[in-house]
Amino acid sequence: MTWTTWSEKYATGHAGMDHGHRRLMELINQLAEAMEDNKPMSFCSELLERFIAHTRTHFLAEEQLMDRIRYPKTKEHKALHEMLVKDVLAFKESYDSGENAQFITLLVILDSWLERDISVADKELAEFVAVPH
Ligand SMILES: [Fe+2]
Ligand SMILES: [Fe+2]
């Protein structure tokens, strides 16, 4: 199952950010596929781990950029990142503990992230970067 497909609406115009988003979306699709195929728990958990690691690296790069350019909306954008990481970690914790954590719940969380973080917050950041200050 292809859960999410790259499209122009996700393009921020910032090469580094766009590259990171494509990679994260690939991982989201791998997670969706694993879920659909009922892959073993260890496999899904490892995939989730990889997604979290990539997300953290990606967010850190954006946050370092925001700090460097003294981006006015740094606080709000960082809070959005923090919220997503918290949600995914909470999901992983309940999944690993054998609770009945449904991957579809995670995919819905990730969808809202694609919309709010990439389509809105990251685009605004990329626009700010593009204008000389
Ligand atoms: Fe991003
Ligand atoms: Fe972001």
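Residues numbered from 1 in each chain as written. Chains lettered and ligands numbered in written order. Predicted model: local features only at pLDDT ≥ 70, side-chain atom pairs only at ≥ 80, totals over all residues. Heavy atoms only, no water.

Structural notes on the coordination of the iron ion (ligand 1)
Then, number 1: Each protein donor to the iron ion (ligand 1) is listed here as H21 (NE2), H58 (NE2), E62 (OE) and D122 (OD); together their distances run 1.9 to 2.2 Å.
Then, number 2: One can describe the donor arrangement at the iron ion (ligand 1) as irregular, given that its four donor atoms subtend angles of 80 to 163° at the metal.
Then, number 3: Of note, the donors binding the iron ion (ligand 1) are all from one chain and are spaced H-x36-H-x3-E-x59-D.
Then, number 4: For the pair the iron ion (ligand 1) and the iron ion (ligand 2), the metal-to-metal distance amounts to 3.5 Å, and E62 bridges them. Here E62 lies in helix 2 (residues 41–68) and H21 lies in helix 1 (residues 15–36), a separation of 41 residues in the sequence. The residues H21 and E62 share a single accessibility class, namely buried. (Donors = N, O, S within 2.8 Å, 3.2 Å for Na, K, Ca; no water. Tetrahedral: all angles 85-135°; square planar, octahedral: opposite > 155°, others 65-115°. Helix = DSSP H or I, 4+ residues; strand = E, 2+ residues; numbered from the N terminus. Buried < 20%, exposed > 50% of the residue type's maximum accessible area, 1.4 Å probe, protein only.)

Notes on the coordination of the iron ion (ligand 2)
Then, number 1: Around the iron ion (ligand 2), the protein contributes the donor atoms E62 (OE), H77 (NE2), H81 (NE2), D117 (OD), D117 (OD) and D122 (OD), which lie 2.1 to 2.7 Å from the metal centre.
Then, number 2: Of note is the iron ion (ligand 2), whose six donor atoms meet at the metal with angles of 48 to 176° in an arrangement that counts as irregular.
Then, number 3: Taking the relative accessible area as the measure of exposure, E62 reaches 2% and is therefore buried.
Then, number 4: What makes H77 buried here is its relative accessible area of 3%.

Description of the pattern of salt bridges
Pairing between side chains becomes possible if they bear opposite charge and their charged atoms approach one another.
Then, number 1: Scanning the entire structure with this criterion turns up eight salt bridges.
Then, number 2: For R50, the salt bridge identified is with E46, shortest N-O distance 3.6 Å. Placement of the pair is R50 and E46 together in helix 2, with a separation of four residues, close to one helical turn.
Then, number 3: By relative accessible area, E46 is classed as partly exposed at 43%.
Then, number 4: With its nearest N and O atoms 3.2 Å apart, the salt bridge here joins K78 to D67. Highlighted residues: K78 in helix 3 (residues 74–96) and D67 in helix 2, separated in sequence by 11 residues.
Then, number 5: Overall, the relative accessible area of 28% leaves K78 in the partly exposed class.
Then, number 6: In the salt-bridge network here, residues are joined through shared partners; they are E49, K92 and D96. (Salt bridge = Lys/Arg side-chain N within 4 Å of Asp/Glu carboxyl O.)

Regarding the nonpolar core
Then, number 1: If you look at the biggest cluster of nonpolar residues, it comprises 27 residues, and the most contacted ones within it are L31, F51, V88, F103, L106, L110 and W113.
Then, number 2: If you list the elements that add at least two residues to this core, you get helix 1, helix 2, helix 3 and helix 4 (103–130).
Then, number 3: Not counting chain neighbours up to four residues away, the residues in contact with L110 comprise I28, L31, F51, L84 and V88.
Then, number 4: Residues L65, M66, L125 and A126 belong to the second largest nonpolar core, which totals seven residues. (Core = buried A, V, L, I, M, F, W, Y, C linked by side-chain atoms within 4.5 Å. Contact = heavy atoms within 4.5 Å.)

Topic: the packing of helix 1 against helix 2
Then, number 1: Where helix 1 contacts helix 2, the two axes come as close as 10 Å, and the packing angle between them is 165°. By the angle class used here, helix 1 and helix 2 are roughly antiparallel. Considering how the two elements wind past one another, helix 1 and helix 2 form a crossing that is left-handed. The residues of helix 2 that touch helix 1, namely those facing M17, G20, H21, R23, L24, L27, I28, Q30, L31 and A34, are F43, C44, L47, L48, R50, F51, H54, T55, H58, E62 and L65.
Then, number 2: Here the contact of helix 1 with helix 2 is composed, by residue class, of 12 nonpolar, six polar and three charged. (Axes fitted to C-alpha atoms, helices over the stretch in contact; angles between N-to-C directions. Parallel < 35°, antiparallel > 145°, perpendicular 65-115°, else oblique. Left-handed = near helix turned anticlockwise from the far one by under 90°. Nonpolar A, V, L, I, M, F, W, Y, C, P; charged D, E, K, R; others polar.)

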